[in-house]
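Per-entry structural report
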Amino acid sequence: MSNYSVIGKPIQRIDGYEKVTGAAKFTTDIRLSGMLWGKMLRSPHPHAKILNIDTSKAKKLPGVKAVITSADTLHIKYSNWRRYPHLMDETPLAEDKVRYIGEPVAAVAAIDEDIAEEALGLIEVDYEVLPAVFDPLEAIKDGAPQIHEGPTVKNNISEARHFEFGDVDEAFKKCDRVREDTFYLHPVSHAFLEPTNSVASWDLNGRLTIWTSTQTPYFIQTLLAMVLGIKEGNIRVIKPHVGGGFGGKMELFSDQYCAARLSMLTGKPVKIELDREEVFIATRRRHPMYYTLKTGYMKDGTLVAKEAKVYTDGGAYNAMGPTSLYLSGFFQIFPYTIPNYRYDGFHIYTNKNPSSAMRGFGGPQAEFTCDSQIDMIADDLGMDPAEIRLKNGMKPGHVIPGLAKVGSCGFEECVKKAMESTKWKEKKGKLPMGRGIGMGCYGFMSGGVFNWIDSPYAYSAAYIRMNVDCTVDVYIGSAEIGQGSDTVAAQIAAEVLGVPMEDVKVIRGDTDSCPPDLGAWGSRQTLMTGNAVKMAAEEIKKQLIEVTASLMVPNVVYDFDIKDGRVFIKDRPERGIELAEVVKTAVRAREGQALFGRGIYTPHGKGMVSPAYSFGAQVAEVEVDLETGKVNMIQVTTAHDCGQVINKLGVEGQLEGAFVMGQGYALSENLITDEGKVLNPSLIDYKLMRAPDIPDNFTSLMVETHEPEGPFGAKEAGEGLTNPNAGCIANTIFDAVGVRIKDMPITPEKILKALDEKKKKEGK
Amino acid sequence: MKKILNVTINGTPYEIAIKPKTTLVEVLRNELNLTGTKRSCNAGGCSSCSVLVDGKVVNSCSVLALQVDGKEVTTIEGIADGAKLHPLQQAFLEHGAYQCGYCTPGMIIAGKALLDENPNPTKQEVKEAIAGNLCRCTGYVRIVDAILATAKKLQEEAK
């Protein structure tokens with residue numbers, strides 16, 4: 001066991017006191033003197049030409065300070081795809097046409113919320129309604145309405161992804177058996193509790209400050225600068241506490257732009273807070289996908305070849321869709337080794353709100369289909385599905401040709417631990433009708449290598465200042481959004497510098513004082529920001545050791561270390577100096593300058609996806625009510641390999657939260673639309689899991705490996721855990737009642753219908 | 001036309017002039033800057049805005065402020081005893097029963113209402129008591145644990 005002081009311990013989070021007392025400030029809590037309230041006018045049509053917008057009546061309403069339309073913008077197309085301009089397809093406000101219900105058309109700033117709302121009703125927009133298309137399989141047909149024009153879009157396909165390795169066609173010929181299954185994955189909403197919202201304030205020096213609920217302060221700064229036509233350095237993005245993001249707050253949105261633009265026009269701070277209906281209809285959602293999976297295998301369960309074809313419902317704009325599409329194809333071959341693989345994915349525009357990144361980033365769709373099919377293969381062969389998983393599971397050092405190299409990998413141990421803990425062998429296939437046990441597995445990236453935003457900066461950076469009283473200030477640009485990343489950063493600094501957690505302060509969420517960082521997405525903060533923090537802390541550690549060496553003048557063969565407030569000779573731990581003494585001497589020796597360290601991290605030579613991969617296995621038990629079709633979760637066990645655990649309390653919390661989110665994905669959540677209109681845009685009608693729905697028992701098992709690329713050997717624990725849940729639950733339901741649902745979500749109605757069909761087939 | 005609201009919030013009496021349609025959550029957040037009470041769905045669907053009115057838990061987005069005239073309201077800011085955290089707050093810290101923290105004030109209020117009425121709840125009773133409170137981060141596991149642990153602690157202290 002490693003001898004750490006704070007790493008790996010169940011540490012209380014550094015933002016706890018604020019959060020349990022209600023003192024924590026979120027963007028929704030920001031009120032500025034003289035602040036105006038902004039509101040967005042949205043399209044009522046899924047597809048329509050804008051013939052004319054008349055804002056004159058709205059502007060005359062007393063209390064209204066400004067009204068903007070696309071005429072007040074620079075008409076710049078933007079998105080996170082700065083490096084790939086052909087994918088940048090959004091404008092701050094609709095230009096010549098609208099492409100989904102809820103698309104922003106105009107915005108108003110007024111002295112109070114009611115007046116702003118009233119003004120929206122006075123804006124007259126003449127639309128010419130166009131034929132619309134809502135299903136990606138319809139949208140790709142010749143003659144379908146064309147949602148975007150432009151040389152790179154044909155049949156509404158904005159991006160196609162293809163990868164292939166091995167000799168797929170030949171390999172299929174050699175397989176004992178081949179099976180092909182089709183699946184449908186439905187759209188779900190991030191449903192973060194803090195609505196998308198911002199307060200922007202333009203000052204007389206020509207600088208803009210925006211408080212906003214975001215996962216990516218740097219993206220907001222960069223893209224706002226681009227669409228407003230001002231310098232990045234003149235924009236200060238402040239990210240207060242964020243009430244959840246899950247991928248739904250990692251892009252620049254129209255309301256952020258409008259708050260800024262309205263503030264520039266009025267000279268007053270402007271607040272725009274989306275109401276819950278707007279959050280549901282006009283922010284992002286997880287991609288619906290039509291998935292066809294063909295897999296060839298041998299009688300002994302060896303997987304030989306796989307072909308996946310995906311048509312994804314991208315909604316009206318690309319958003320992060322091309323990456324979700326890419327990663328869905330990539331994670332389709334996780335965590336099992338497939339020597340021959342072909343993937344074709346198509347990102348298709350439809351007249352619905354844009355699909356984008358959501359926790360798992362294409363992974364939940366991939367693992368649901370992959371793991372459902374693994375169980376079907378096991379059923380075909382009369383094998384234990386866990387054995388197939390073990391037989392084909394990835395191992396350390398696994399190479400995916402042209403795409404990735406896996407470093408540490410505890411997959412096998414995860415499966416074994418989960419089986420042992422749940423008495424798998426005793427239960428699988430042996431439980432009474434209505435009760436079942438099932439497994440789902442996953443692997444996930446520990447930070448993406450993607451730089452769509454075209455940042456010239458390091459992916460992550462940290463500055464650390466050590467003060468004369470041994471307090472440590474850590475400046476990071478990464479985004480704490482509830483996942484506990486600030487605490488992880490503080491732990492890493494505390495461990496390296498040998499100070500207690502309470503002496504570390506994390507200064508974050510402010511582009512004026514913190515270094516740029518690509519933000520919270522792709523499960524990147526522990527590994528990438530963590531490495532930057534470690535490097536910065538080690539730079540200070542080096543300085544402290546130099547001073548100690550000059551004070552103690554030991555034999556040069558000795559090395560020093562710092563731990564628990566002392567600097568000492570590693571091989572002679574009794575010989576050392578108090579850290580406080582060393583720090584004071586160091587500061588004095590440097591003419592009073594505080595100690596300063598800088599750290600950066602950018603992945604180099606790590607393949608096309610990630611520097612490292614997490615792995616895991618999950619086993620669930622359910623009871624299915626044969627009369628109502630309701631699925632009751634009894635227990636869930638997840639064994640997760642996140643390398644060296646940094647904060648046990650944090651990892652367990654992520655495992656539990658991710659499962660329940662996945663449970664909702666599998667069983668109840670569904671953003672239902674009809675002709676492009678969302679039918680359930682409220683937290684009452686959109687069915688999230690509630691406390692009585694969760695499993696009675698949760699077990700989290702840590703499988704610790706050492707990841708050479710991670711700080712102290714750590715990997716991700718935020719997103720990968722979302723990937724196995726739906727497949728695991730589907731497999732569990734199959735074990736319980738013998739029906740296989742491939743069309744998500746797995747509602748009681750579908751289970752009952754399948755049970756009826758099964759009975760008819762069996763002639764009962 | 002504004003109306004006068006007289007209400008005691010966290011032990012302090014207030015006299016406030018408000019529009020009649022103003023909801024309690026709007027008074028708390030916009031008039032009194034008690035922003036610990038969160039607004040999320042504004043339709044009674046998530047209970048992020050839970051407060052106690054005369055000891056009973058209510059969604060403050062679904063109550064007109066004038067309906068609490070003459071009553072006592074307790075918000076998350078009034079739960080601790082000065083700098084000393086309420087045992088529920090302490091338990092939420094120790095169990096890691098929060099992540100983003102947006103539902104946390106409402107959860108603690110719901111937990112307090114439960115324990116005030118039923119000091120020794122079962123796990124199922126705790127789950128039912130917070131059934132109206134949505135949390136998108138934690139999966140509720142640690143929230144339930146924290147409330148149960150507080151009940152146990154308070155029972156032991158009472159002995």
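Residues numbered from 1 in each chain as written. Chains lettered and ligands numbered in written order. Predicted model: local features only at pLDDT ≥ 70, side-chain atom pairs only at ≥ 80, totals over all residues. Heavy atoms only, no water.

Section: the packing of helix 2 (residues 87–95) of chain B against helix 5 (residues 141–158) of chain B
Packed helix pairs are characterised by how far apart their axes lie and by the angle those axes make with each other. All names here are of chain B. Spelled out, the test is: Axis geometry follows a simple rule: fit a line to the C-alpha atoms, using only the stretch in contact for helices, then measure angles between N-to-C directions, giving values from 0 to 180 degrees. Helix and strand assignments follow DSSP, with helices taken as H or I runs no shorter than four residues and strands as E runs no shorter than two, numbered in order from the N terminus. Note on terminology: angles under 35 degrees are roughly parallel, angles over 145 are roughly antiparallel, angles of 65 to 115 are roughly perpendicular, and the others are oblique. Left-handed is the label given to a crossing in which the near helix is rotated counterclockwise from the far helix by less than a right angle, and right-handed is the label when the rotation is clockwise. The contact rule is simple, with two residues in contact once any of their heavy atoms fall within 4.5 Å. Side-chain classes are defined by residue name, with Ala, Val, Leu, Ile, Met, Phe, Trp, Tyr, Cys and Pro counting as nonpolar, Asp, Glu, Lys and Arg as charged, and the others, Gly among them, as polar.
For the pair helix 2 and helix 5, the least separation of the axes is 9 Å and the interaxial angle reads 135 degrees. What the angle tells us is that helix 2 and helix 5 run oblique. Pair helix 2 / helix 5 crosses with right-handed handedness. On helix 5, the residues that touch Pro87, Leu88, Ala91, Phe92 and His95 of helix 2 are Arg142, Ile143, Asp145, Ala146, Ile147, Ala149, Thr150 and Leu154. Across the contact of helix 2 with helix 5, the residue classes tally to nine nonpolar, two polar and two charged.

Regarding the domain arrangement of chain B
Size of an interface: often given as the accessible area lost when the parts come together. Residues and elements named next belong to chain B. To keep things clear, this is the line we draw: Start and end points for every domain follow an automatic or database-based domain assignment. Here the quantity called buried area is the total loss of accessible area, with a 1.4 Å probe, experienced by two parts when brought into contact, counted for both. The working definition used for a salt bridge is a side-chain nitrogen of Lys or Arg within 4 Å of a carboxyl oxygen of Asp or Glu. Any N or O atom pair separated by 3.5 Å or less is treated as a polar contact, with the protein-specific requirement of one donor-capable and one acceptor-capable atom, and with residues adjacent in sequence counted only for side-chain atom pairs.
Structurally, chain B comprises domain 1 (3–78) and domain 2 (87–158). Measuring from the centre of the C-alpha atoms in domain 1 to the corresponding centre in domain 2 gives 21 Å. Contact with domain 1, which involves 17 residues of that partner, is made by 13 residues of domain 2. Buried surface at the junction of domain 1 and domain 2, both sides included, amounts to about 1200 Å², of which 63% is carbon and sulfur. Counting the surface domain 1 buries against domain 2, the share from its top three residues, Lys38, Leu52 and Ile76, is 37%. Inspection of the region where domain 1 meets domain 2 yields one salt bridge. The salt bridge involving Lys56 is made with Glu117; its shortest N-O contact spans 3.4 Å. Applying the counting rule to domain 1 against domain 2 returns five residue pairs in polar contact (both at pLDDT 80 or more). Elements that contribute at least two residues to the side of domain 1 that touches domain 2 include exactly strand 3 (50–53) and strand 4 (56–59). With three residues, the single largest contributor to the side of domain 1 that touches domain 2 is strand 3. Split by residue class, the side of domain 1 that touches domain 2 holds five nonpolar, nine polar and three charged.

Notes on the sheet that holds strand 3 of chain B
All names here are of chain B. This is how it is decided: The pairing criterion is simple: DSSP has to find at least two bridges between the two strands.
Spatial ordering of the open sheet is given by 2-1-5-3-4, a layout of five strands whose pairing is mixed. In this open sheet, the two edge strands, each paired with only one partner strand, are strand 2 (12–18) and strand 4. Going from strand to strand, the sheet's axes swing by 40 degrees on average, the running direction of each strand aside. With two bridges joining them, strand 3 and strand 5 (residues 72–74) adopt antiparallel strand pairing. Residue Val53 lies in a different strand from strand 5, and its bridge partner there is Val73. Against the sheet, helix 1 (residues 24–31) engages strand 1 (3–9), strand 2 and strand 3, with an angle of about 100 degrees to strand 2. Set on the sheet, helix 3 (residues 104–117) makes contact with strand 3, strand 4 and strand 5; between it and strand 3 the angle comes to about 35 degrees.

Some points on the interface of chain B and chain A
Taken residue by residue, the interface counts 51 residues in chain B and 55 residues in chain A. Taken together, the two surfaces of chain B and chain A that pack against each other cover about 4200 Å², and 52% of this comes from carbon and sulfur. Note that Asp114 of chain A is salt-bridged to Lys21 of chain B, the shortest N-O span being 3.1 Å. Our enumeration of links across chain B and chain A arrives at 29 residue pairs in polar contact (both at pLDDT 80 or more). Contributions of two or more residues to the side of chain B that touches chain A are made by helix 1, helix 2, helix 3, helix 4 (123–129) and helix 5 of chain B. Per-element tally for the side of chain B that touches chain A: the top contributor is helix 2 of chain B, with five residues.

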